[in-house]
Amino acid sequence: EPGSPVPPTSPLLSRVHTSAPDTESAIDRSIPEFPAATPIDEDNYFRLHRPPPYLSQISSDVAEFINFHHRVNRKVALVTSGGTTVPLENNTVRFIDNFSAGTRGATSAEYFLEKGYAVIFLHREFSMLPYSRHYSHTTNCFLDYLTESPDGKKVEVDEKFQKEMLVVLKKYRYAQENNLLLMVPFTTVHQYLFTLKLIAQEMSVIGYDAIFYLAAAVSDFFLPSSRIPQHKIQSKEVGGKLVVDLEPVPKFLRRLVDSWAPIAMIVSFKLETDNTILISKARTALKRYNHQLVIGNLLQTRKKQVVFVTAEGERWIKLDPEQIKENVDIESIIVPEIINSHNAWIESRKRMGL
Ligand code: PAZ
C-alpha cells in the first residue's frame, strides 16, 4: 500500500501468488456478444428466480441510509466490487467463480469517501473491504503488524506500522461515526442482481446526486434455478463426467440505465485480456447500454492503466514509473476524474431542467 513499510515475511505463509494471471494462456473473452436485456427478459428473470430471503432487511437499511444522506444533500455512490459466483447445486458444494479480489471497488470506495460522498458498498462477501484492505488479503499474517508490549502483558501495533495505521484508522472511524459507508454483501450472481435492482430503485429518490460505479466482475453465464439440482451432484448420476451447460446472464445494465436508475450517472467497467479488442468492446458497451462512461481495463495491467471511453472519445490514465514505484493507487486518479464528470453531469441535468 502507498508508503507502508513491508511487514516481515511470515514463515507460515507462502510468498507465491497463485492468483496472478498466466498472461500467455489467460482466457480470451472475445466471445459473441449477447443483446441487452429487454423488459421481458427482466420480468422473466425476476419472476423465475427466488429473491434472497434477506432482501427486505437490506431494503430498509438502504432506504434509511439514503434518506439520512438525502436530508443533508450528500451525494451517494453505489460501488460494486468483487466477483459473483454461479452455484452448480442448491446446497452448494461446487460453484463457478472468477478472479476478482475486489481491490478496485474497495480502493475506489475509500476515494469516494475522501471526496465527501456516502458509499453503498455492494461487495462479494469476504472480498476486500475499504480500510481493512490495507491489512487483509496480503501474504502477511495480520499478527505481523503486532508486537508484545515491553512488559509482555499487552499487544501493541508494531512501531513500524503505527504512522500508516493511524491514518487509515482515523479515516475508517470518521466514515463509521458519520454513517458514511453501508456494506451490502452478495455471493451469487442472483443475489447480486436482485440487490442491485433493489438499491437502484431505492436510490432513485436522490436522482442525479447518485452515481453507479460498477466495478464488480459479474458472471456472464449461469445455471437457471429450474436446472439446479437440490443436492451435491453425484458422479454416478452424471456417468462420471460433469458437463456444465450454462445460459447467458441477461445484460441488465440496459435496464439499469433505462428503468432502474434513469437519472443517475452510470459508470461501468469492461475487462478484457486481449488489448486489440479492449477499446472496441468498451465502445460497443457504451452504445449498447447508452450510459455515460465505460472504463476499459486489461486483466494483466488493470492496476497501472485504464482507458476512459465516452461518447466524445477515449483517454488513457496511466501511472508513471515513479507512481508505480511509490504504490500510488490508480483509483486515486480515476475517482476524482469521475467526480468531476459527475459534477458536470449534475450541472447539465439542472440546465435541462431535470
Ligand atoms: O477486483 P479486482 O481489483 O481484482 O479487479 C477489478 C476488475 C478488473 C474486476 C474491474 O476493474 C472490472 O473491470 N470490472 C468489470 C468486469 C467485467 O465484467 O467486464
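Keep in mind it's a predicted model, so treat the numbers as computed, not measured.

Caption draft 1: Quick look at the packing of helix α1 (residues 39-48) against helix α5 (residues 189-203). Where α1 meets α5, the axes come as close as 11 Å, and the angle between the chain directions of the two elements is 120°. Considering the relative orientation of α1 and α5, their crossing is left-handed. Residue-level inspection shows Glu42, Tyr45 and Phe46 of α1 in contact with α5, the latter providing Val189, His190, Leu193, Phe194 and Lys197. Considering only residue class, the contact of α1 with α5 consists of five nonpolar, one polar and two charged.

Caption draft 2: Geometry of the packing of helix α2 (residues 55-71) against α5. At a minimum axis separation of 10 Å, α2 and α5 run at an interaxial angle of 30°. The pairing of α2 with α5 is recorded here as roughly parallel in orientation. Judged by the twist between their axes, the crossing of α2 over α5 is right-handed. Together, Leu55, Ile58, Ser59, Val62, Ala63 and Ile66 of α2 and Phe194, Thr195, Leu198, Ile199, Glu202 and Met203 of α5 make up the contact between the two elements. Tallied by class, the residues present in the contact of α2 with α5 amount to nine nonpolar, two polar and one charged.

Caption draft 3: Just the site of the ligand, in detail. In the vicinity of the ligand lie 14 residues, with Ser100, Gly102, Arg104, Leu271 and Asn297 positioned nearest. In the environment of the ligand, an oxygen atom lies 3.3 Å from a nitrogen or oxygen atom belonging to the backbone of Ala101. Going through the elements one at a time, α3 (103-114) and β11 (265-272) are the ones with two or more residues in the shell around the ligand. Among the elements that take part in the shell around the ligand, β11 stands out by supplying three residues, more than any other.

Analysis parameters
- Residues numbered from 1 in each chain as written.
- Predicted model: local features only at pLDDT ≥ 70, side-chain atom pairs only at ≥ 80, totals over all residues.
- Heavy atoms only, no water.
- Axes fitted to C-alpha atoms, helices over the stretch in contact; angles between N-to-C directions.
- Helix = DSSP H or I, 4+ residues; strand = E, 2+ residues; numbered from the N terminus.
- Left-handed = near helix turned anticlockwise from the far one by under 90°.
- Contact = heavy atoms within 4.5 Å.
- Nonpolar A, V, L, I, M, F, W, Y, C, P; charged D, E, K, R; others polar.
- Parallel < 35°, antiparallel > 145°, perpendicular 65-115°, else oblique.
- Near = heavy atom within 4 Å.
- Polar contact = N/O pair within 3.5 Å; in protein donor to acceptor, adjacent residues only side chain to side chain.

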